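# Residue-level structural notes
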Amino acid sequence: MNGLDPHAYVEDPSPGTGRLRPRAAFTSDLPVIGLDGDWRFRLASGLDDLTGDLAAPDFDDSDWDLLAVPSCWQMTGLPGEPRYGAPAYTNIRYPFPVDPPRVPGQNPTGEYRRAFEVPDGFPAAAAVLRFEGIDSAFAVWLNGVRLGDGKGSRLTTEFDVSAALRPGRNVLAVRVHQWSSGSYLEDQDMWWLSGIFRSVSVAARGVEDFFVHAAYDHTTGRGTLAVDVTAPTPVWLSVPELGITAADPAGPHMVDGVEPWSDENPCLYSGELVSEAGERIPLRIGFRTVAVVDGVLTANGRPISLRGVNRHEWHPLTGRTLTEDTMVADVLLMKQHNINAVRTSHYPPDHRFLDLCDEHGLWVFCEGDLETHGFEPGGWRRNPSDDPAWREAYLDRAARLVERDKNHPSVIVWSLGNESGTGANLAAAAACIRHRDDSRLIHYEGDWASCSYVDLYSRMYIGLDELAAAGRRQEPPTADPADDAHRRSLPVVLCEYGHAMGNGPGGLSEYQEVIEAHPRLVGGFIWEWLDHGILRRTGPDDHRSFYAYGGDFGEEVHDGNFVADGLLFPDRTPSPGLVEYKKVIEPVRIRIDPAARRMAVHNLHHVRHSGYLDFRWTVEDGGEPVGSGSLAVPATAPGATSTVEWPADLTAALDSARKDGPGHEVWLTVTAVLATDETWAGAGHEVAWGQGLIVPASSPGPSTPVAATAHDGYLALGAARFDARSGLLVRLADLELDGPRLDVWRAPTDNDLLGAFAEPQIKSWLAAGLDRMRHEVLRVAPDESGLTVTARLAAAGSSSGLDVVYRWTACDGPGGDGIRLRLDTTVTPDGAWPVPLPRLGVAMSLTGTDAEVEWFGPGPGEAYRDSRAAARVGRYRSAVSAMQTPYVRPQENGNRHHVRHARITLPAGTLLINGDPVIDLTVRPWSTAALTAAAHQHELVPGGRLHLHLDQAHHGLGSAACGPGPSAPSVLAAVPTAFGVEFSTNW
Ligand code: IPT
């Protein structure tokens, strides 16, 4: 790091040179020259491969490539072959040797050039060049003049260009290095991508900066507005709606009776700053005050509960470069799924995202661009967080976070960063933030033990017991009683929980129950919003595509599909996890009490009355609607519960609903939908629902058993035929079948395979041989009233096994046709069974690649025992192909939970299945083995048979990939179990 070396800035820990003081992101009516678009581009392999006269205005770049700005250069060429380098994914590890602040000499460097015109009359005398995001370090020249250099990829950098800018043609040259000292501070769990990935502009500058302070006093209903302005000329403030026109923006201006801003009522007052020079700056002012009161987080005097997500910026084709449409999609999807908070993990987002949070209403934990997680494997040795050489970089990042985003009412918490250990630089950054903005709280999870410089006791991935203990202010003590007392005075937030990798997370209802039981628990943020899959084509001439993850670009070190752990699939389709979360966090709870013929509506909102919702009821008999209507629910205040008697039309519909006939359950469903359009969804959008079973199914009447008869090579029982030796069902009426056999294996979920805090579940499953169980038929015995097949399921080398008895009976159905075939399966574990079973059920297959499935039971989506809140009982119909959930890495999926009866229609016939009373049902066009073997969705190809799984139970999903496994009630222990299921070919 020779001071004379023109490239010393790359490895120098300092944040940059030549830059302007950070300030708020705002628009004004002064002219701006947008520089987004095609730039000339060349990718140099390292610092010894640079273009000498890159900055020279007359340098001939005409044979260079064109590259879009903004973009991440590694994403160019996708979904085909990446043209410049390739994306690389690591979670915690740095993809280079950890030797701070040095980075590899092989340092891909993008050289960018762009000529642009400055129109006549552009006020060049006070202009700035603004970069909203460059990853990871850069130097910049305008018309051959070096303006400076910078780091802090997800932060804005501005340079004064008043001396270098000239009317007419100007040439900008930027050299962007993939690796820099800044990379050590940017070890977030995401793809490593580089380039000018956010917008670039040249803007005239009048007003330099301003800070809107808009507080709300809930005891008086008064708002206090003070706008601190830094400007070369006097500036006026006007907020016509509030009657404010003031020559003194800093006031303070007191306004009685303002409406405070909140997630539920994001009330923004439009205002303006007008400078003496004539510049006009629009303002959107939200009055709100956040405070900790007796260990409870409050906004505007009322406790708030955060039902949040961690959001990375991601798009499967453009990486961290997002269009505004994508940001809008995220915000609307969040609001539509009852999400009310977002942590901008782990860097400040494109500033337009925060405008959207202000407008639609989301509480924001705005996080700094900081993570040094890769020092953890080395015991945090040389961690920048505690090294004075990096202090300036930490303070710079904190300042740029706060200055850019300080005018957003949605931002209630500044988060220093993520997973950066502990150290003096973090404490210093917190102190600076507090000094600059004491109206918000400070968050940093790494300070959880002493909470010496934060305002929230923040934890990630803790289990239910620890969370409940924290709720009771009984979290484990540290060595210092003073620290304990301080920490226990703070609210608790789960900055990350519910790791949404693959199939899961399980247990969200349990977390929510604990959160709602303790005022100290603020709630939290699911990890994470979106899968960061990259769209790729399978080959140059092959137009099938798939989502790539770590390792798919030949990375030397990588963390596989740990990057696909979101509630949305990469194309932003909601996963079952998001549908579940929406239900678990619904802001209104509807509880139906069939015995008392009434229901309770509990309003969990912070400030909103229930009057914005229309309530509707539907009665279904066996899934067929028999009546519906609207329900008058009194406007229920936040925190209050209303009891609603069933109206006469509802009672009449229930009374007329059929009450006999096996399989007929009568259900009452009440939904709460938007009465009128909101900014984030239209009238009719469903916010919450509740369901009650009014009339349970009656059991089938007595029937006469049929005798099994032996024939040449097969046994017959009613319409069923069994292989005489194996005892397996081979035909039922016109349908050919193979099975059923006892089955305990599932294609492991990510939560089965990984264990961030404990031994992965898969280890004991593989050790027990559960993936290679052999089904040995011991005896096939027909008799006068049916057929008994005994078998044992056991793994090679194991003396433990599952003894199984299949008892088949056929009954004359009501039509006397003898085709109601019943299977009673009795499972008795033999020997030691210390491991839970992945599933317990029977599996069979039929000829076919797709079929129509109709079922009555919870749906429409998949559900598992610890992720089933969102499934409501009804009659559903789907093609088998549409019942498969496309997790980025294929794994167990698609289970329909507690099905009462199902009809599977194939070209060869129809198979009817009845649970006794319920059965879990999965139908797939591929086997469990094929599902286990596939690494990406396109590798799954229908194999000509439909695989049918009828399970008595599944092991829960849990969240063990990063968090606790299934809680005790969701563990599937190997214990003696019996379950029944009926098959027939008419219904
Ligand atoms: C935690 C990280 O904070 C987050 O960025 C992400 O990596 C998440 O895990 C897992 O997907 S850190 C974890 C080791 C507790």
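Here is a short report on the structure shown in this document.

What counts and what doesn't
Residues numbered from 1 in each chain as written. Predicted model: local features only at pLDDT ≥ 70, side-chain atom pairs only at ≥ 80, totals over all residues. Heavy atoms only, no water. Core = buried A, V, L, I, M, F, W, Y, C linked by side-chain atoms within 4.5 Å. Buried < 20%, exposed > 50% of the residue type's maximum accessible area, 1.4 Å probe, protein only. Helix = DSSP H or I, 4+ residues; strand = E, 2+ residues; numbered from the N terminus. 1 Å grid on protein atoms, 1.4 Å probe; cavity = no way out; pocket = protein on both sides within 12 Å on 5 of 7 lines; lining within 4 Å. Points joined across faces, edges and corners; volume = space filled by probe spheres on them. Nonpolar A, V, L, I, M, F, W, Y, C, P; charged D, E, K, R; others polar. Near = heavy atom within 4 Å. Polar contact = N/O pair within 3.5 Å; in protein donor to acceptor, adjacent residues only side chain to side chain. Areas by Shrake-Rupley, 256 points an atom, 1.4 Å probe, with all protein chains shown as cover. Phe/Tyr/Trp six-rings, centres within 6.5 Å; stacked < 30°, edge-to-face > 60°. Lys NZ or Arg CZ within 6 Å of the ring centre and 35° of its normal. Pairing = 2+ DSSP bridges. Axes fitted to C-alpha atoms, helices over the stretch in contact; angles between N-to-C directions. Parallel < 35°, antiparallel > 145°, perpendicular 65-115°, else oblique. Contact = heavy atoms within 4.5 Å. Disulfide = S-S within 2.5 Å.

### Some remarks on the nonpolar core
Judged by nonpolar contacts, the single largest core of 100 residues is most densely connected at Val 309, Ile 339, Leu 416, Trp 529 and Tyr 581. The biggest single contributor to this core is helix α4 (residues 391-405), with five residues. The next biggest cluster of nonpolar side chains, apart from the first, holds 60 residues, and it includes Leu 742, Val 842, Trp 855 and Tyr 876.

### What to know about empty space enclosed by the protein
One pass over the structure, following the stated rule, counts seven cavities of 30 Å³ or more. Its boundaries defined by the atoms lining it, the largest cavity holds a volume of some 90 Å³. Residue lining of the largest cavity: 13 residues in total, with Asp 135, Arg 154, Glu 186, Trp 192 and Leu 193 positioned closest to the centre. Counting residues per element, the lining of the largest cavity draws most heavily on strand β13 (residues 190-192), which supplies three residues. Looking at the lining of the largest cavity residue by residue, the classes come out as five nonpolar, four polar and four charged.

### Some remarks on the site of the ligand
Neighbouring residues of the ligand: 15 residues in total, closest Asp 189, His 346, Asn 418, Glu 496 and His 499. At 3.3 Å from an oxygen atom of the ligand is found a side-chain nitrogen or oxygen belonging to Asn 91. Trp 527 is positioned with one of its side-chain polar atoms (N or O) 3.0 Å from an oxygen atom of the ligand. Alone, the ligand offers 390 Å² of accessible surface; in the complex the protein occludes 93% of this. The class makeup of the residues in the shell around the ligand is six nonpolar, five polar and four charged.

### Some words on the packing of aromatic side chains
Applying the stated criterion across every chain yields a total of 30 aromatic pairs. Both rings, one in Phe 26 and one in Phe 210, keep their centres 5.0 Å apart while their planes meet at 55°; by these two values the pair is tilted. Remark: Phe 210 occurs in strand β16 (residues 209-217) and Phe 26 occurs in the loop between β1 (16-17) and β2 (32-34); sequence separation between them is 184 residues. Of the two residues, Phe 26 and Phe 210, both sit in the buried class. Ring centres 6.1 Å apart and planes at 85° place the aromatic pair Phe 138 and Phe 159 in the edge-to-face group. Of this pair, Phe 138 sits in strand β9 (residues 137-142) while Phe 159 sits in strand β11 (residues 157-160), and the two are 21 residues apart along the sequence. By relative accessible area, which is 0% here, Phe 159 ends up buried. An aromatic cluster is present here, built from Tyr 94, Phe 96, Trp 179, Tyr 184, Trp 192, Phe 375 and Trp 390 joined pairwise through their rings. In this arrangement the basic side chain of Arg 459 is found over the ring face of Trp 448, its NZ or CZ atom lying 3.9 Å from the centre. Over the ring of Tyr 714 we find Arg 721; its NZ or CZ atom is 4.1 Å from the centre of that ring.

### Side note on unusual backbone geometry
For the peptide bond that leads from Trp 527 to Glu 528, omega is 0°, which places it in the cis range. With respect to the helices, strands and loops of the structure, Glu 528 is situated in the loop between β33 (521-526) and β34 (534-539). For the peptide bond that leads from Gly 859 to Pro 860, omega is 0°, which places it in the cis range. If you trace the backbone, Pro 860 turns up in the loop between β53 (852-859) and β54 (872-879). Even without a glycine there, the phi angle at Arg 597 is positive, about 50°. Counting through the fold element by element, Arg 597 comes out in the loop between β36 (588-593) and β37 (598-603). Using a relative accessible area of 32% as the deciding quantity, one classes Arg 597 as partly exposed.

### Overview of the sheet that holds strand β40 (residues 641-645)
In space, the three strands of this open sheet follow the order β36-β37-β40, with antiparallel pairing throughout. Looking at the sheet topology across the chains shown, the edges are occupied by β36 and β40. Shown here is a sheet whose adjacent strand axes are inclined to one another by a mean of 20°, direction ignored. Pairing between β36 and β37: six bridges, direction antiparallel. Note on β37: the bridge partner recorded for Arg 591 is Ala 600.

### Re helix α3 (residues 351-360)
The buried fraction of α3 amounts to seven of the 10 residues, a majority that puts the element mostly inside the structure. When α3 is considered as a whole, its buried residues turn out to be His 351, Phe 353, Leu 354, Leu 356, Cys 357, Asp 358 and His 360.

### Describing the packing of helix α6 (residues 464-471) against helix α8 (residues 508-517)
Between α6 and α8, the least distance of the axes is 9 Å, while the angle of their chain directions is 10°. Considering their axes alone, α6 and α8 lie roughly parallel with respect to each other. Of the residues in α8, those touching α6 at Leu 464, Leu 467 and Ala 468 are Glu 510, Tyr 511, Val 514 and Ile 515. Along the lines of polarity and charge, the residues of the contact of α6 with α8 split into six nonpolar, no polar and one charged.

### Focus on the state of the cysteines
The full count for this structure, using the stated rule, is zero disulfides. Here Cys 962 stays free of any disulfide, with the sulfur of Cys 495 as its closest cysteine sulfur at 11 Å.

### Details of helix α9 (residues 576-584)
Each α-helix turn comprises 3.6 residues. Residues three or four places apart therefore point the same way. Extensive coverage of α9 is indicated by the burial of seven of its nine residues. Within the sequence span of α9, burial applies to Gly 577, Leu 578, Glu 580, Tyr 581, Lys 582, Lys 583 and Val 584.

Scope: geometric values only; no functional claims are made or implied.
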